[in-house]
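Residues per chain, in single letters:
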Amino acid sequence: MSKQDTTARATVSVRTRQLGTGAPAGPALPPVGPAAGPSAAPPTAAPAAPPAGPGPVGDARRRRIDGLLRRSPLQPVFRAMTARRLAVLAYHGIDDPAGFTAQMERLVRTATPVSLGRLEQSVRERRPLPPRSVLVTFDDGDRSVLTHGLPVLTRLGIPAAAFVVTELIDTDRPFWWSEAAHLAAHGGTAGALAGCPPQAVVGRLKQLPDAERRRGLAELRDSARLQAPRRRQLSAADLATLRSAGVEIGNHTHTHPCLDRCTDATGYEEVATAHRLLTGWLGEAPTAFAYPNGNRDPRTEALLGELGYRLGFLFNHRHDALLPPDPLRVNRLRVNSDTTPDRFDTILSGLHPAVHRIRGGC
């Protein structure tokens, strides 16, 4: 860490104590995305300080903190520093089309959107990307990337990348984490989830060995009063449409397990099966991978190298270098389509990620 970065980090530590209502520790920075989302922080990470509670009071507090951070004198300092850093934005579905549109319009005004291919070229040639480079990515392959995201990206000329769960292509099956949350909310139980409140079921499942997670999900299906609703997923033809319009397609495993909870055989099958299916659908092998839930695994890295992957993406809410030092461990920033403008700006500047880490986030 440079002297400038060290000084800024120390200053952030002080300033975060001044953003609250006078309490010495200051308010905790609320999480970037839902804790039960498909790519929440790895369960082994240090827990962040408790966020404000749900509801209008909690929402107002979050907006107040976001506004204070954006107006902080540290914001221009961090913005200047991150001009020399790469921002890889990690979205999932697009729940707020208007919010996503505003975010993308902000990017074309203030940043340099780059493609997955451009980043691969930078790594291959060992030449840094331009200042303020931003890569837009989407995990899981939610259909809203096609219906809500693609028109905006096309109109603004922003390239992007989508990392898809291949098991769901051409189906109407829900994502397993959404299904688990629904089943638990409707009376579903499982032996491995004894004593776990419904709102914590997804987090608990992610901590289990993968075979136990699968058994737990099967038990939830058997015991719930109401099964999860069906959900139309992307088709193989949709993948071709996205790709032809500038959204490159990457591997996100076959069923989206936490790879560090898998056996050697299961981890291999998850990556290799998705690789084979994507190669068939796209006509060429994918070269980029996003670790499900952000859980990096050394066995997976070795396999990616064998299969010819050139990039691997984390989910750790950090910027990276304009020439990433480890192409199979590229940092990404967590963001949602409904992220407020204030928070979006402090995520891009690096101030929000810095405060998030100081407050105990990964």
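Here the structure is a predicted model, which means the values were calculated and not measured. (Residues numbered from 1 in each chain as written. Predicted model: local features only at pLDDT ≥ 70, side-chain atom pairs only at ≥ 80, totals over all residues. Heavy atoms only, no water.)

**Re the overall build of the protein chain**
A count of helical and extended segments in the protein chain gives 14 helices and 9 strands. In the protein chain, 74% of the contacts between residues at least 6 apart in sequence involve partners at least 24 apart. Here the protein chain has roughly 15,300 Å² of accessible surface; of this, 55% comes from carbon and sulfur atoms. (Helix = DSSP H or I, 4+ residues; strand = E, 2+ residues; numbered from the N terminus. Contact = heavy atoms within 4.5 Å. Areas by Shrake-Rupley, 256 points an atom, 1.4 Å probe, with all protein chains shown as cover.)

**Topic: unusual backbone geometry**
Phi at Arg132 is positive, roughly 60°, even though this residue is not glycine. Here Arg132 is to be found in the loop between helix 5 (116-125) and strand 3 (133-140). Residue class for Arg132 comes out partly exposed when judged on its relative accessible area of 31%. Residues other than glycine seldom take positive phi values, yet Asp140 does so here, at roughly 90°. Here Asp140 lies in strand 3. (Buried < 20%, exposed > 50% of the residue type's maximum accessible area, 1.4 Å probe, protein only.)

**Section: the state of the cysteines**
By the definition in use, this model includes 0 disulfides. Cys258 takes part in no disulfide bond, and the closest cysteine sulfur, belonging to Cys262, lies 7.8 Å away. Classification of Cys262 by relative accessible area gives buried; the value is 6%. (Disulfide = S-S within 2.5 Å.)

**Structural notes on the nonpolar core**
Counting residues in hydrophobic clusters, the biggest one holds 34 residues, and the most contacted among them are Leu89, Tyr91, Met104, Leu107 and Phe138. If one sorts the elements of this core by residue count, helix 6 (residues 144-156) sits on top with 5 residues. In this view, Leu89 contacts Leu107, Val134, Leu135, Val136, Thr137, Leu333, Val335, Phe344 and Leu348; residues no more than four positions away in its chain are not counted. Listed in part, the 18 residues of the second largest apolar core include Trp177, Leu183, Val202 and Leu208. (Core = buried A, V, L, I, M, F, W, Y, C linked by side-chain atoms within 4.5 Å.)

**A few points about the side chain of His275**
Looking at the secondary structure, you find His275 in helix 11 (residues 264-282). When its relative accessible area of 12% is taken as the criterion, His275 is described as buried. Within the structure, the side chain of His275 is placed 2.7 Å from the side chain of Tyr309, a separation counted as a polar contact. His275 has contacts with Asn251, Ala285, Pro286, Leu307 and Tyr309, leaving out every residue within four places of it along the chain. (Polar contact = N/O pair within 3.5 Å; in protein donor to acceptor, adjacent residues only side chain to side chain.)

**What to know about helix 11**
Along its 19 residues, helix 11 runs 27 Å from first to last C-alpha, staying within 8% of the 27 Å computed at 1.5 Å per residue. The complete set of buried residues in helix 11 reads Gly267, Glu270, Val271, Ala272, Thr273, Ala274, His275, Leu278 and Leu282. Next to the buried residues of helix 11 lie strand 4 (160-164), helix 9 (210-223), helix 10 (236-244), strand 5 (247-251), strand 6 (288-290) and helix 12 (298-307). Taken from the residues just after helix 11, Gly283 is the one with a positive phi, measuring 85°. (Expected span 1.5 Å × (residues − 1).)

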